[in-house]
Amino acid sequence: MLKGKKIVLGICGSIAAYKAAFLTRLLTKAGAEVQVIMTEAAKDFIRPLTLATLSGREVYSTVSSGAAWNNHVELGLWADAIVIAPITATTLGKLANGICDSMLAAVYLSAKCPVFFAPAMDLDMWKHPATQNNVQRLQAYGNHLIPVGYGELASGLVGEGRLAEADEIIAFLNNFFQQKTDLEGKHFLVTAGPTQEAIDPVRFLGNRSSGKMGVAIAEEIANRGATVELILGPSKLSPQHTNIKLHRVESAAEMYELAIKYYTDCEGAVLAAAVADYRPKMVATQKIKKSGEGLLLELERTQDIAKQLGNTKTPNQILIGFALETNNELENAASKLRRKNFDFIVLNSLKEEGAGFAHNTNKITILHKDERTLSFELKSKKAVAKDIVDEMVKLI
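Predicted, not measured: the structure shown is a model, and the values here were computed from it. (Residues numbered from 1 in each chain as written. Predicted model: local features only at pLDDT ≥ 70, side-chain atom pairs only at ≥ 80, totals over all residues. Heavy atoms only, no water.)

Novice: Describe the pairing of strand S18 (residues 318–325), with residues and values.
Specialist: One face of the sheet, then the other: side chains in a regular strand alternate in exactly this way. S18 sits mainly inside the fold: seven of its eight residues count as buried. Alignment of strand S15 (residues 268–271) against S18, held across four bridges, turns out to be parallel. When the sheet's bridge partners are listed, valine 270 is paired in S18 with isoleucine 320. Sheet topology note: the S18/strand S19 (residues 344–349) ladder contains six bridges and is parallel. For phenylalanine 322, the partnering residue across the bridge sits in S19 and is valine 346. On the question of chirality, the crossover connecting S18 to the parallel S19 by way of helix H12 (residues 329–340) is right-handed. (Buried < 20%, exposed > 50% of the residue type's maximum accessible area, 1.4 Å probe, protein only. Helix = DSSP H or I, 4+ residues; strand = E, 2+ residues; numbered from the N terminus. Pairing = 2+ DSSP bridges. Right-handed = clockwise from strand over helix to strand, strands pointing away.)

Here is the structure:
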C-alpha cells in the first residue's frame, strides 16, 4: 500500500532515533519516496548522512540552508503522509500548541495530508497529564497516534513509552491506506448535531449537542472512500471533505424528511444526531411577551427517525444508533437497540468525565444485536469515529 507514496519522516531528539534508520529503509523498500526532516536535537543521536544515504535525499533540519530556502509549504503539500517517529515530549507539546520553531513544525503546520506520530519517552514522562493532554489534542486535530510499546526503557524502568518498532509502524501505515478504500463506491447517511424546535420567531427548544461526534463519523466514512449524505442540525461545524454532501436543517421534521429521502439509496446510516423527542404543539407567529407568573407550553411528539428507518431497513442495509444516558445506561441502550432495529448502538454516558456534549473526547460502549458488548477508553472523537466505522465495516 506504500508503493509510490510520498512520506515526510520527522525525527526528534530521542535515544530511539536510531530506529529511524530501519524505518527509512523499510519505507523505501516498500516503494515510498522518503524525505527526512530532523530536529536539531535529533542530530545528537543519529547522523543526517546516514538517513540521506538510506532515503536518497538531502536531509532537512532548518528552513534555510545557506542562501537556499527549504520550502516547508511545498513539502507539506507534496507529502501523502507525515510520519514523526520518534516524537519527543517537547515536540508533542509544540505541535499540539502550534509553536513553530523548527523546519519540522513548519511542515506539520503546512500539511494537508494525514499525520502520524509515534512517541518515545520514559514511563513517567509518557504518563504525565501534560503529555497525555498534548496527545489528545493532536488526535483531536485529526492526527493519528501510533501507540507506544511496553518494555525496558533507557532509564532502566520497564513500562510504556518505547517507540513502536519499524515493522509495526509500516503495518500501521499499510492498514491506514488500506482503510482509505474499504468503503469505496458505497453511500451512507449520517445525522449529526441538535435540532431546534421553534416556540416563536425568537425562542426554541433545543439541546447541548455540538455535532462533533456525528461530523467526525461522516469524515471517517468519507476518508474511506464512501459518499456521505450528512444531515447536520444547527452547528458551527462546516466539514469540507469532497465526499460529504452537507444538508443543513433546524427542526426534527426537516431532519426526518431528508433522512427518509436519502436512506433508501444508502448502504447504511449512522444516527448520531440529538433529535428532539417533543416540539411545541403551537408555534407563535409573533414573539411571546412576558406576562403573568408562568408560561405553559403544550408539547407533541416529533416523528421518530430511528424507528421509521428501522422499520424500512432492508437485509442489505445497516443502521447504527446512539444512546446518551444518565442512568441504567446498558439496560436503556439495549432496549433502544431492540426497539429501533439497530445493528448496533453506541452508548455514551453523561456520568463519564470528558464524554457527551461539546467535548472533543468521548468514551463509548458498543452493544451489538447478538448481545456482544465492546467498551473503549476515553479517546478523541476522531479516534472514536474510527472505532465505530471499524465495527460498521465488519458488518458490511
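Novice: Outline the nonpolar core, listing residues and values.
Specialist: Counting 33 residues, the largest nonpolar core has Ile11, Leu27 and Ile169 as its most contacted members. Those elements that place two or more of their residues in this core are strand S1 (6–11), helix H1 (19–29), strand S2 (33–38), strand S5 (81–87), strand S6 (115–119) and helix H8 (166–179). Counting residues per element, this core draws most heavily on H8, which supplies six residues. Grouped together as the second largest cluster of nonpolar side chains are 31 residues, Phe188, Val215, Ile221 and Ile366 included. (Core = buried A, V, L, I, M, F, W, Y, C linked by side-chain atoms within 4.5 Å.)

Novice: Could you give an account of the sheet that holds S6, with specific residues and numbers?
Specialist: If you trace the five strands from one edge of the open sheet to the other, you get S2-S1-S5-S6-S7, paired in parallel fashion. Both outer strands of the open sheet, S2 and strand S7 (144–145), are each paired with one neighbouring strand and no more. For S5 and S6, the ladder comprises four bridges, and the chain directions are parallel. Paired with isoleucine 84 across the strands is phenylalanine 117, a residue of S6. Strands S1 and S2 of the sheet are contacted by helix H2 (residues 48–55), whose axis makes an angle of about 170° with S2. (Contact = heavy atoms within 4.5 Å. Axes fitted to C-alpha atoms, helices over the stretch in contact; angles between N-to-C directions.)

Novice: Help me get a handle on the packing of aromatic side chains, residues and values and all.
Specialist: Summed over the entire model, instances satisfying the criterion amount to four aromatic pairs. Geometrically, the ring pair formed by phenylalanine 116 and phenylalanine 172 is edge-to-face, given 6.1 Å between the ring centres and 85° between the ring planes. Taken as a pair, phenylalanine 116 in strand S6 and phenylalanine 172 in helix H8 lie far apart in primary sequence, 56 residues in all. Put simply, the rings of Phe116, Phe172, Phe176 and Phe177 pair up and form one aromatic cluster. The ring centre of phenylalanine 177 lies 4.8 Å from the NZ or CZ of lysine 5, which sits over that ring. The side chain of arginine 301 reaches across the aromatic face of tyrosine 278, ending 5.5 Å from its centre. (Phe/Tyr/Trp six-rings, centres within 6.5 Å; stacked < 30°, edge-to-face > 60°. Lys NZ or Arg CZ within 6 Å of the ring centre and 35° of its normal.)

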